[in-house]
Amino acid sequence: MPADAKGLRTHPIQEIFWTRTGLLLAVLVVVSGVSMWASSAVDAGTAKNLLTALGTGTMVSAVVGFGQTLLTAGAAQRALVAPVVEESRRALRELSAEYRSLNQEFFPTHVFEASTDPDPAFNALIMDDLRRTRQLLFRGFSGRYAAARLLLSPSGWEVRAVLADPGERGAISGRARHLARHQGASADYERIQATLHEEIRIGLVGLYLARARCDSIDVTVIADPPLDRVELFDDSVWITLYSAVAGAPSLYPRTLRFSEGSFIYGMQRAEFARVHAARGAPRFLITPDTSREEFLAQFATITGTRLTDAQFADLQARFHAFRQEFSAKAELES
């Protein structure tokens, strides 16, 4: 928009109005000046009187017209322009509100691309969501990352977790294929499967170690876990896309965050409730009062293997090593 002499922004219609009035004023002044000059150059008589009258009349018209313009220009703009501007602003506000509503319902608030190392920005934001929530719903593979984050935060959550069943060979096939794609032609599939079984065992021990930070940890293991990881908080849901082909070359696939009011949040919460309460799925509860013997009995029921004290100590040490490495790379050291 153009600016006037004082640097104030003016409306185009107002500028046109003033330009037209100024042009008319200039014509009147010129006609008046020419008429007055011509009248002074002729002898007294009818011609002189006509020129004088013309000059005086046009000068009066110019003065009156300019004064009227000063008085009515603002009112004319308010009557003609202001309603149009206000209506346009109202329409834009309504359109913006509609787009914000659609964005909140269907589009992620944050997108984190696949990477080979933990993203500090990703982990800082998910830790903020964890600190604000009262309930954590986790559906993933081993629960190692969830347990590590719980140990790095204040206490007081109700945790529900859906993990892969270590007693079912087919439960880890999807994650094994993802890792095999990451490792390329040299991948040893059987070794990958053995490593994944061990990760589940470490994750279960990690959740037990995090029991003091939680009101309760309700764990369900299923034979056919979805490949994508879902972490539900009170006001957000995080979906890590292990199923995305573009994420195959990376250890940490693409992740999307949706807000609580989104369609995705409601859908994932309903799906989690269905899977967590699935009939026939092995399920156990860990509380701050769960003793080691009680946990070892639960572990044996879930995995089919009874841990010795030495084996438990080894899994505990391996979990803490994983937690320390992860928290250092993700810049989550307390």
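The preceding data block contains the structure.
All of the points below concern the structure found in this document. No experiment lies behind these values; they were computed from the predicted model shown.

Scanning the chain from N- to C-terminus turns up 10 helices and 8 strands. Taking contacts inside the chain between residues at least 6 apart in sequence as the whole, the part at least 24 apart equals 69%. When the accessible area of the chain is evaluated, it comes to approximately 18,200 Å², of which 58% is carbon and sulfur surface.

Judged by how many residues are buried, helix α5 (residues 144-151) sits mostly within the fold: 8 of 8 residues are covered. Of the positions making up α5, those classed as buried are Arg144, Tyr145, Ala146, Ala147, Ala148, Arg149, Leu150 and Leu151.

For the rest of this paragraph, the subject is the side chain of arginine 257. Of note, arginine 257 is situated in strand β7 (residues 255-259). Not counting residues up to four positions away in its chain, the partners in contact with arginine 257 are Pro108, Thr109, His110, Leu125, Asp129, Arg132, Asp235, Ser236, Val237 and Trp238.

This part covers the sheet that holds strand β5 (residues 229-232). Pairing within the open sheet is mixed, and its 8 strands lie in the order β1-β7-β6-β5-β2-β3-β4-β8. What marks the edges here is a single partner per strand, and that holds for β1 (110-112) and β8 (283-286). In this sheet, adjacent strand axes meet at a mean angle of 10° when their direction is disregarded. With 3 bridges joining them, β1 and β7 adopt antiparallel strand pairing.

So, how was this worked out
- All residue numbers refer to positions counted from 1 along the written sequence of the respective chain.
- A pLDDT threshold of at least 70 governs which residues receive local features in this predicted model, and a stricter bar of 80 or more applies before side-chain atom pairs are shown or counted, although totals over entire chains, interfaces and linings include all residues.
- The side-chain numbers reported here are obtained from all heavy atoms of the structure, hydrogens and water having been left aside.
- Numbering of helices and strands runs from the N terminus; a helix is a DSSP stretch of H or I covering at least four residues, while a strand is a stretch of E covering at least two.
- Residue contacts are defined here by distance: any two heavy atoms, one from each residue, within 4.5 Å place the two residues in contact.
- In short, Shrake-Rupley with a 1.4 Å probe defines the accessible areas, and a residue's cover is counted only from the protein chains shown.
- Each residue's exposure class comes from its accessible area (1.4 Å probe, protein chains only) as a fraction of the maximum for that residue type: buried when under 20%, exposed when over 50%, partly exposed otherwise.
- A strand pair is defined by DSSP finding two or more bridges across the two strands.
- What counts as an axis is a line fitted to C-alpha atoms, over the stretch in contact for a helix, and the angles between N-to-C directions run from 0 to 180 degrees.

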